[in-house]
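# Architecture and fold: a report
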Amino acid sequence: MELVDVTANKTDVKQLSKWLKRDFPLAERTPFRILQSLAKKGGIRFYFAKEGGSVLAYTVLHFFRGYTQVLYLAVMPEGRGRGTGSKLIPLIKEKAGGTLILEVEDPACAETQEELVTRERRIAFYRRLGFEMLPGCRLLIPGGVLRPMSDGEVKGDLPELWRSMYRELAGAFFGMFIRTDGK
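This structure is a prediction, so every number in the text was calculated from the model and none was measured.

Rules used throughout
Residues numbered from 1 in each chain as written. Predicted model: local features only at pLDDT ≥ 70, side-chain atom pairs only at ≥ 80, totals over all residues. Heavy atoms only, no water. Phe/Tyr/Trp six-rings, centres within 6.5 Å; stacked < 30°, edge-to-face > 60°. Helix = DSSP H or I, 4+ residues; strand = E, 2+ residues; numbered from the N terminus. Buried < 20%, exposed > 50% of the residue type's maximum accessible area, 1.4 Å probe, protein only. Axes fitted to C-alpha atoms, helices over the stretch in contact; angles between N-to-C directions. Parallel < 35°, antiparallel > 145°, perpendicular 65-115°, else oblique. Contact = heavy atoms within 4.5 Å. Nonpolar A, V, L, I, M, F, W, Y, C, P; charged D, E, K, R; others polar. Core = buried A, V, L, I, M, F, W, Y, C linked by side-chain atoms within 4.5 Å. Salt bridge = Lys/Arg side-chain N within 4 Å of Asp/Glu carboxyl O. Polar contact = N/O pair within 3.5 Å; in protein donor to acceptor, adjacent residues only side chain to side chain.

Once that is clear, we can look at the packing of aromatic side chains. For the structure shown, the criterion picks out six aromatic pairs. An angle of 20° between the planes, with centres 5.6 Å apart, marks the rings of Phe32 and Phe46 as stacked. Placement of the pair is Phe32 in helix α2 (residues 32-40) and Phe46 in strand β2 (residues 44-51), with a sequence separation of 14 residues. Among the residues examined, Phe32 registers a relative accessible area of 16% and is labelled buried. Residue class for Phe46 comes out buried when judged on its relative accessible area of 1%. Residues Tyr126 and Phe131 carry aromatic rings whose centres are separated by 5.5 Å and whose planes lie at 70° to one another, so their mutual orientation is edge-to-face. Here Tyr126 matches Phe131 in class, with each residue buried.

In structure tokens:
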């Protein structure tokens with residue numbers, strides 16, 4: 001499997017936009033025009049994970065203050081159950097370098113047993129790949145609560161880092177959704 005940067009390919013970027021709409025709820029999606037604008041400035045990169053010409057997964061990476069945020073990652077149905085995600089994270093790390101950060105849905109906020117199991121499985125998957133939950137910060141979005149994870153050290157004021165990241169992704173208004181634990 002190889003990770004192919006498709007940022008400059010208009011056809012592939014258009015397809016990725018359609019997949020994002022299919023795979024992620026509206027409350028979790030940054031407006032695509034903002035992603036494209038940041039891509040023109042080098043702050044966002046779009047990638048396909050390909051094997052034998054087929055796209056098995058895709059990811060959107062956000063480069064911010066020396067960190068790489070895995071903003072979106074989805075494995076296509078034909079790539080599931082084949083270790084695609086486990087192979088993809090090291091490829092992302094190789095392309096991006098440095099510390100990777102991402103968000104997962106908070107298990108404490110699951111509304112059903114099925115949601116809880118899915119969220120715990122996702123967290124366990126990332127832990128197996130070297131990620132740990134970062135304390136002290138939650139991202140409150142209209143669709144739920146996200147918790148940050150990292151595969152390395154994140155320095156400084158974590159809530160401020162997240163507010164700044166999301167101001168870049170969605171404007172100053174978005175900072176109102178960042179909360180520290182216990183508040």
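The interhelical angle for the contact between α2 and helix α5 (residues 158-170), taken along N-to-C directions, is 105°, at an axis separation of 8 Å. As far as their axial angle goes, α5 and α2 are roughly perpendicular. In this structure, α2 contributes Ile34, Leu35 and Leu38 to the contact, and α5 contributes Glu168, Leu169 and Ala170. In terms of residue class, the contact of α2 with α5 is built from five nonpolar, no polar and one charged.

Counting 36 residues, the largest nonpolar core has Leu20, Leu35, Ile44, Phe46, Tyr58 and Trp162 as the members making the most contacts within it. Mapped by element, the contributors of at least two residues to this core are α1 (10-23), α2, β2, β3 (54-64), β4 (67-75), β7 (138-141) and α5. Broken down by element, this core gets its largest block of residues, six residues, from α5. Excluding residues within four positions of it along the chain, Leu35 makes contact with Leu20, Thr30, Ile44, Phe46, Leu71, Tyr72 and Leu169. By size, the runner-up hydrophobic cluster in this structure holds 19 residues, among which are Ala49, Ala57, Leu100 and Phe125.

Take the pattern of salt bridges next. What the rule picks out here adds up to nine salt bridges. Between Arg45 and Asp5 there is a salt bridge whose closest N-O contact spans 2.5 Å. In this pair, Arg45 is assigned in strand β2 and Asp5 in strand β1 (residues 2-5), connecting sequence segments 40 residues apart. The class of Arg45 is partly exposed, set by a relative accessible area of 26%. Residues Glu115 and Arg119 are paired through a salt bridge, measuring 3.5 Å at the closest nitrogen-oxygen approach. With Glu115 and Arg119 both in helix α4 (residues 113-128), this residue pair falls four residues apart, about one helical turn. Residue Glu115 is classed as partly exposed on the basis of its relative accessible area of 29%.

The next thing to look at is the side chain of Thr84. Topologically, Thr84 is positioned in helix α3 (residues 84-96). You can call Thr84 buried: its relative accessible area is 3%. Of the polar contacts made by the side chain of Thr84, one reaches the backbone oxygen of Gly79; its length is 2.6 Å. Residues in contact with Thr84, not counting those within four places in the same chain, are Met1, Leu56, Ala57, Val75 and Gly79.

With phi around 50°, Arg65 is a residue other than glycine that occupies positive phi space. Mapped onto the secondary structure, Arg65 falls in the loop between β3 and β4. Look at Arg65 and you get exposed, because its relative accessible area is 54%.

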